[in-house]
Amino acid sequence: MRLPDAAYNHRRRQYMAGDFLTMLERERDGESPVLGVTAVDLFLPRLNFVFGVADPEAGVAVISLQRLSPEFYEKKQDRALLLARAVKEAVHETGHLLGLSHCEQPRCVMHFSNAIADTDSKGPGFCEDCLARLAP
């Protein structure tokens, strides 16, 4: 899909994440949730940046690979690390789509990531409490 040009903030040099959700919601067909993935830097009005964001009511979420990439932090390219981070953020946003909120357990994938170190320190899966909330 094309980037939503109107979402770009020239002063911040970032894209408004909410506009991506709106675009995904318009394109969504059927009952299945949709997870978008982009390489551009995303933000929300009261946040400097977001790794991802979800709108559970609309059934859409988006993650950005920009700040998950080691190169963003002037580190050498590491595709395995980028993939591990992307999986964690994708599972995290999917968890929101399934009705989960942020978890206080630091190793749970639903723990809020305020910085890349938070993403790196949490695991790729749900803690027992979050898994129980997902059970039918």
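Remember, it's a predicted structure, so these values are computed and weren't measured experimentally. (Residues numbered from 1 in each chain as written. Predicted model: local features only at pLDDT ≥ 70, side-chain atom pairs only at ≥ 80, totals over all residues. Heavy atoms only, no water.)

Engineer: Would you mind showing me how to read the packing of aromatic side chains here?
Structural biologist: The geometry of an aromatic ring pair comes down to the distance between the two centres and the angle between the two planes. On inspection of all chains with the given rule, the structure shows four aromatic pairs. Here the aromatic rings of phenylalanine 72 and tyrosine 73 are separated by 5.0 Å at their centres, their planes lie at 75°, and the arrangement is edge-to-face. Classification of tyrosine 73 by relative accessible area gives partly exposed; the value is 28%. Among the aromatic residues, those joined into a ring-pair cluster are Tyr8, Tyr15 and Phe20. (Phe/Tyr/Trp six-rings, centres within 6.5 Å; stacked < 30°, edge-to-face > 60°. Buried < 20%, exposed > 50% of the residue type's maximum accessible area, 1.4 Å probe, protein only.)

Engineer: Any chance you could explain the pairing of strand β6 (residues 52–55) here in plain terms?
Structural biologist: When a strand is regular, its side chains alternate between the sheet's two faces. In terms of strand pairing, β6 meets strand β7 (residues 60–64) through four bridges, oriented antiparallel. Across the sheet, the residue bridging to valine 53 is valine 62, located in β7. The antiparallel pairing of β6 with β7 creates a hairpin that spans four residues between the two strands, and glycine 59 there sits at a positive phi of about 75°. (Pairing = 2+ DSSP bridges. Helix = DSSP H or I, 4+ residues; strand = E, 2+ residues; numbered from the N terminus.)

Engineer: What should I look at first to understand the nonpolar core in this one?
Structural biologist: When a protein is soluble and globular, its nonpolar side chains tend to lie buried together. In terms of nonpolar packing, the biggest core is built from 14 residues, with Tyr15, Phe20, Leu42 and Val62 touching the most fellow members. Of all the elements in the fold, those that place two or more residues in this core are α1 (17–27) and β7. Formed by seven residues, the second largest nonpolar core is a distinct cluster that contains Leu100, Cys103, Cys108 and Met110. (Core = buried A, V, L, I, M, F, W, Y, C linked by side-chain atoms within 4.5 Å.)

Engineer: Could you clarify how one ought to interpret the pairing of β7 in this entry?
Structural biologist: Along β7, five of the five residues are buried, which leaves the element largely enclosed by surrounding structure. The two faces of β7 match: Val60, Val62 and Ser64 on one face and Ala61 and Ile63 on the other face are all buried. Here five bridges tie strand β3 (residues 34–38) to β7, and the two strands are oriented parallel to one another. The residue of β7 that forms the bridge with leucine 35 is alanine 61.

Engineer: How should I be thinking about unusual backbone geometry in this particular structure?
Structural biologist: Phi is mostly negative for residues that are not glycine, and the peptide bonds are mostly trans. Backbone geometry at arginine 13 places phi at a positive 60°, although glycine is not the residue there. When you line up the elements, arginine 13 lands in the loop between β1 (8–9) and β2 (14–16). Phi angles above zero are rare outside glycine, and glutamate 74 is one such case at about 60°. Along the chain, the position of glutamate 74 falls in the loop between β7 and α2 (79–97). Classification of glutamate 74 as exposed rests on a relative accessible area of 75%.

Engineer: Would you explain the pattern of salt bridges in this entry?
Structural biologist: Any two side chains of opposite charge can pair, on the condition that their charged atoms come close. Under the defined criterion, the tally for this structure stands at four salt bridges. The shortest N-O distance in the salt bridge between arginine 2 and aspartate 5 comes to 3.3 Å. Comparing arginine 2 with aspartate 5 shows no difference in burial state: the two are exposed. Here arginine 67 makes a salt bridge to aspartate 41, at a shortest N to O gap of 2.7 Å. Placement of arginine 67 in the loop between β7 and α2 and of aspartate 41 in the loop between β3 and β4 (42–44) is noted, with a sequence separation of 26 residues between them. When sorted by exposure, arginine 67 lands in the same class as aspartate 41, which is buried. (Salt bridge = Lys/Arg side-chain N within 4 Å of Asp/Glu carboxyl O.)

Engineer: Please clarify how the sheet that holds strand β5 (residues 47–50) should be interpreted in this entry.
Structural biologist: Neighbouring strands of a sheet are bound in pairs by backbone hydrogen bonds; such pairs are parallel or else antiparallel. What the four strands build is an open sheet, ordered β1-β2-β4-β5; its pairing is mixed. With partners counted over all chains shown, the strands left at the sheet margins are β1 and β5, one partner each. With respect to the sheet, α1 is in contact with β2, β4 and β5, its orientation differing from that of β2 by roughly 50°. (Contact = heavy atoms within 4.5 Å. Axes fitted to C-alpha atoms, helices over the stretch in contact; angles between N-to-C directions.)

Geometric values such as these leave the question of function open.
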